[in-house]
Amino acid sequence: MSENLVPSVGVITDIRLDTPDVKTFRVVSKNGGKCFEHMPGQCAMLSIPGVGEAMFSVTSSPTNTEYSEFSIKKCGKFTDWLHGVEAGQEILIRGPYGNHFPVENELMHRDLLFIAGGIGLAPLHSVINYCRDKRDDYGKIDIVYGSRSMEDLVDYSEITEEWSKGKDISVYLTVDRPQDNWDGHVGFVPDFVRELEFDTDKTVLLCGPPVMIKFTLQALSDLGFDKTQVYTTMELKMKCGVGKCGRCNIGSKYVCKDGPVFRCDELDRLPDEY
């Protein structure tokens, strides 16, 4: 049996409240350290017998050797249960699953543009910190991130205190509607991308709600970007992780095996069901 089919027991050692409905869970093996190694963009299955299981992006960077982290939005039975546990809780974990962002080839020495909406920052968080830790291997980094409100921006303190102060890194934040304690940009992510008018010599990593991805792709196209320059993820369609349940089947592809990372021109060759 493949090693990543067998769950191991992990321990939740730290829980951070990021937004009113997003918490980040730090997980280590019972002997300390990470339960497995992964690459940016890969996922893992978290489960508790009798409660449920679900697939989540690993949001910590592979360069972190001490633990794995998962930023999880409260949106169902299992995630409701997770949001109610305390540090010290044991949990079953198996992985990693799927492919990853091509950080070791196509992205190497390229200027990178990260675009995220809401909890869509979670899959990109791992890649951003990977590139930060291997800074000399990548070009300039631009990060565009938006959410419903300032309170819904995941990892806000890390973004403002660490990312925005990094070498050749620019961060652009936006919220959907005006609010009293926000003096930054107001508006939706696709419109903000148009306003920023990025040069088209960048590789784009895009993640967020489907409607946000749709309109951001159009905004990028209007600026002159080609879909061959854009990578996105589809991990929400994953269920078993091993190509057996069929839930993630789209045409000739299984998201859990052929994804969850896809270049956007590849998606154009799949049925419209995605």
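Computed from a predicted structure; not experimentally measured. (Residues numbered from 1 in each chain as written. Predicted model: local features only at pLDDT ≥ 70, side-chain atom pairs only at ≥ 80, totals over all residues. Heavy atoms only, no water.)

Enquirer: Sorry, what's going on with the sheet that holds strand β7 (residues 111-117) here?
Expert: Pairing between sheet strands relies on hydrogen bonds along the backbone, with the strands arranged either parallel or antiparallel. An order of β10-β9-β8-β7-β11-β12-β15 is seen for the 7 strands of this open sheet, with the pairing classed as mixed. Two strands in the sheet have a free side with no partner beyond their single neighbour: β10 (185-186) and β15 (261-263). Strand direction decides the pairing type here: strand β12 (residues 230-233) and β15, joined by 3 bridges, are antiparallel. Each bridged residue has a counterpart across the sheet, and for Thr232 the counterpart in β15 is Phe262. (Pairing = 2+ DSSP bridges. Helix = DSSP H or I, 4+ residues; strand = E, 2+ residues; numbered from the N terminus.)

Enquirer: It is not clear to me how the nonpolar core should be interpreted in this structure. Could you clarify?
Expert: Soluble globular proteins: nonpolar side chains tend toward being buried together. Membership of the largest hydrophobic core comes to 29 residues, with the highest contact counts inside it found for Phe101, Leu107, Phe114, Leu121, Leu124, Tyr145 and Leu205. Elements with a contribution of two residues or more to this core: β7, α2 (121-133), β8 (141-147), β9 (169-175) and β11 (202-207). Per element, the largest residue contribution to this core is 6 residues, and it comes from α2. Dropping the residues within four chain positions of it, Tyr145 is found in contact with Ala116, Gly117, Gly118, Leu121, Asp152, Leu153, Val154, Ile159, Tyr172, Leu173 and Thr174. Judged by nonpolar contacts, the second largest core, of 17 residues, contains Val189, Phe192, Ala219 and Leu220. (Core = buried A, V, L, I, M, F, W, Y, C linked by side-chain atoms within 4.5 Å. Buried < 20%, exposed > 50% of the residue type's maximum accessible area, 1.4 Å probe, protein only. Contact = heavy atoms within 4.5 Å.)

Enquirer: Can you help me understand the sheet that holds strand β3 (residues 43-48) in this one?
Expert: In spatial order, the strands read β4-β3-β6-β1-β2-β5; together these 6 strands make up an open sheet with antiparallel pairing. The sheet is open, and its two borders are formed by β4 (52-57) and β5 (68-73), each paired with just one other strand. Pairs of neighbouring strands in the sheet enclose a mean axial angle of 40 degrees, with direction left out of account. The pairing of strand β2 (residues 22-29) with β5 spans 6 bridges and is antiparallel. Bridge pairing links Val27 to Ser68 in β5. (Axes fitted to C-alpha atoms, helices over the stretch in contact; angles between N-to-C directions.)

Function-wise, these values are silent; they only describe arrangement.
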